[in-house]
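Below, each chain spelled out in residue letters.
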Amino acid sequence: MWKGRFQQETSGLVQRYGESISYDWRLYPHDIAGSMAQAEALARAKIINRKELAAIHKGLKSIKADIDAGTFEWKHELEDVHMNIESALTQRIGSAGAKLHTARSRNDQVALDTRLYCRAETQTIIGLVQNLQRALVAQGLKNQSVIMPGYTHLQRGQPVLYAHHLLAYVEMLERDGGRLTDALKRINVMPLGSGALAGSTICLDREFVAQRLGFETVTRNSMDAVGDRDYIAELLFTIALTGTHLSRLSEDIILWVTAEFGFVSLSDAHTTGSSLMPQKKNPDVAELTRGKTGRLYGNLTSILTTLKGLPLTYNRDMQEDKEPLFDSVDTIKLALEVFAEMIDGMKVNAERVRAAAGDPFLLATDLADWLVLKG
């Protein structure tokens, strides 16, 4: 669609190397939503008429229905989700479909789509963080009177409530939720209208488009708008830090379920056995989460490394932002969901915890304090 000045077809290897449709197809609901708003802005500017607007909206809705149903044919030679949808639209409704790209570049289009995706997924992740907080609070409420050893350096230090230990993770998750909420402010900025890098001489009502798509404001500098992926890096950092907290909780649980500790047991639904040792009951959810946190770190490092040497504005390197983004979002969502379920089914071994909490050395600090108070 963009090779009008070229005399030679793109190499098949280059097509395979440069395509992103194999993974960015999942942006389709956001691409279609953005295109519908773009069409409305074109109609307001008298670039297309009402009949063409209706045809574009109808065509985009039919494409979305086909994708939802799994019957849409994605074409790798069209590179990405944007070109696939635009090409299909033009085939279905004719020349009106080709007019949709007026005053728009794939550069500001992909920036719009990824912002819409990040906004939707961030809101989902915030909800999952809150669900896990509720599961931890519920577990604490069920065991309000349980006292256990608190540890520093993995050595017994002072007695603490089991619920108090769990609530420490509620606090960590509260900070994660706060960071996600704060990140939304920088995600929720509308870049469409920036064009390839310098806007367009066909001026559309950007504030109208922002309002139609639920954005709080619009970007102010077109070069920054198409070259910016800070919002992805910030989201990946916040996800990675959430992973850190889940990994620390994982380590506590892994220790607690050992025969040496025996403080808690996990349900059969959230553990696995061994192919050789029939007595084993392994805390695979916690171990997998501890391992997947490394992937979250890797995805953050990947996007930062990609961005660090890029001049303004858009560079094709930035196509590499999507796979780490999608992977981190998928990973943290599933981890938060399964953790909430696992915590809900976790049982405390009251006898073992009581015995450990009965260690008289746990009261050494209290005794020292008492002696001070007595002079």
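Use the structure listed above.
Residues numbered from 1 in each chain as written. Predicted model: local features only at pLDDT ≥ 70, side-chain atom pairs only at ≥ 80, totals over all residues. Heavy atoms only, no water.

J.: Whenever I open this one, the nonpolar core confuses me. Can you help?
T.: A general tendency of soluble globular proteins is for nonpolar side chains to be buried together. Within the largest apolar cluster, 93 residues are counted, with the highest numbers of intra-cluster contacts made by L132, L136, Y162 and L325. Excluding residues within four positions of it along the chain, L132 makes contact with L173, L246, L336, F339, A340 and I343. (Core = buried A, V, L, I, M, F, W, Y, C linked by side-chain atoms within 4.5 Å. Buried < 20%, exposed > 50% of the residue type's maximum accessible area, 1.4 Å probe, protein only. Contact = heavy atoms within 4.5 Å.)

J.: Explanation requested: the packing of aromatic side chains in the structure shown.
T.: Across all of its chains, the model carries 5 aromatic pairs by this definition. Seen in terms of ring centroids, Y117 and F326 are 5.1 Å apart; in terms of plane orientation they differ by 75 degrees. Their pairing is edge-to-face. Of the two residues, Y117 sits in helix 7 (residues 106–142) while F326 sits in helix 13 (residues 322–344), which places them 209 residues apart along the sequence. An identical accessibility class is assigned to Y117 and F326; each is buried. An angle of 50 degrees between the planes, with centres 5.8 Å apart, marks the rings of Y151 and F261 as tilted. Remark: F261 occurs in the loop between helix 11 (230–256) and strand 5 (264–265) and Y151 occurs in strand 1 (residues 147–152); sequence separation between them is 110 residues. Through successive ring pairs, a cluster of aromatic residues spans Y151, F261 and F263. One residue, R44, lies across the ring of F208, its end atom 4.2 Å from the ring centre. Directly above the ring of F215 sits R119, whose terminal nitrogen or CZ lies 4.8 Å from the centroid. (Phe/Tyr/Trp six-rings, centres within 6.5 Å; stacked < 30°, edge-to-face > 60°. Helix = DSSP H or I, 4+ residues; strand = E, 2+ residues; numbered from the N terminus. Lys NZ or Arg CZ within 6 Å of the ring centre and 35° of its normal.)

J.: I'm lost on the pairing of strand 1 in this one. Help?
T.: The two faces of a sheet get side chains in turn, since along a regular strand they alternate between them. In this sheet, strand 2 (residues 155–161) lies alongside strand 1 in antiparallel orientation, the contact comprising 6 bridges. Within the sheet, the bridge partner assigned to M148 lies in strand 2 and is V160. Connecting the antiparallel pair strand 1 and strand 2 is a turn made up of 2 residues, with H153 showing a positive phi of about 55 degrees. (Pairing = 2+ DSSP bridges.)

So far we have only geometry, and geometry alone does not tell us how the molecule works.
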